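Coordinate inspection notes
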Amino acid sequence: HGSYFFADFCEGLVRSFRGSGGAAGSVTDWDSLFTSPSGVSHIGEDAQGELLIVNLRGQVYRVVAAP
């Protein structure tokens, strides 16, 4: 909650940042946890607010909090 996720389509990189007072905070790199050989095509959320990442092959990844 409160994080903005973005991806680099060509590199397949996924990153996030948190907003603070109208400015972006430090960037978190998710590349060690998520790799997509065919490029990220969409980032969204489902009805429960879970983060979803889709690649060009149509694979859907749900990002969940660590236990």
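The structure this text deals with has already been given above.
Attention in this report is confined to the structure presented alongside it. (Residues numbered from 1 in each chain as written. Predicted model: local features only at pLDDT ≥ 70, side-chain atom pairs only at ≥ 80, totals over all residues. Heavy atoms only, no water.)

1. Concerning the overall build of the chain
Looking only at helices and strands, one finds 0 helices and 6 strands in the chain. In sequence order, the chain lays out its α and β elements as β-β-β-β-β-β. Here the analysis covers contacts within the chain between residues at least 6 apart in sequence; of these, 14% occur between residues at least 24 apart. As presented, the chain carries roughly 4900 Å² of accessible surface, and 53% of it is formed by carbon and sulfur atoms. (Helix = DSSP H or I, 4+ residues; strand = E, 2+ residues; numbered from the N terminus. Contact = heavy atoms within 4.5 Å. Areas by Shrake-Rupley, 256 points an atom, 1.4 Å probe, with all protein chains shown as cover.)

2. Describing the pattern of salt bridges
Scanning the model with the defined rule gives 1 salt bridge in all. Its salt-bridge partner being Arg15, residue Asp29 comes within 3.9 Å of it at the nearest N-O pair. In this pair, Asp29 is assigned in strand 3 (residues 23-29) and Arg15 in strand 2 (residues 13-20), connecting sequence segments 14 residues apart. Overall, Asp29 belongs to the partly exposed group, its relative accessible area being 44%. (Salt bridge = Lys/Arg side-chain N within 4 Å of Asp/Glu carboxyl O. Buried < 20%, exposed > 50% of the residue type's maximum accessible area, 1.4 Å probe, protein only.)

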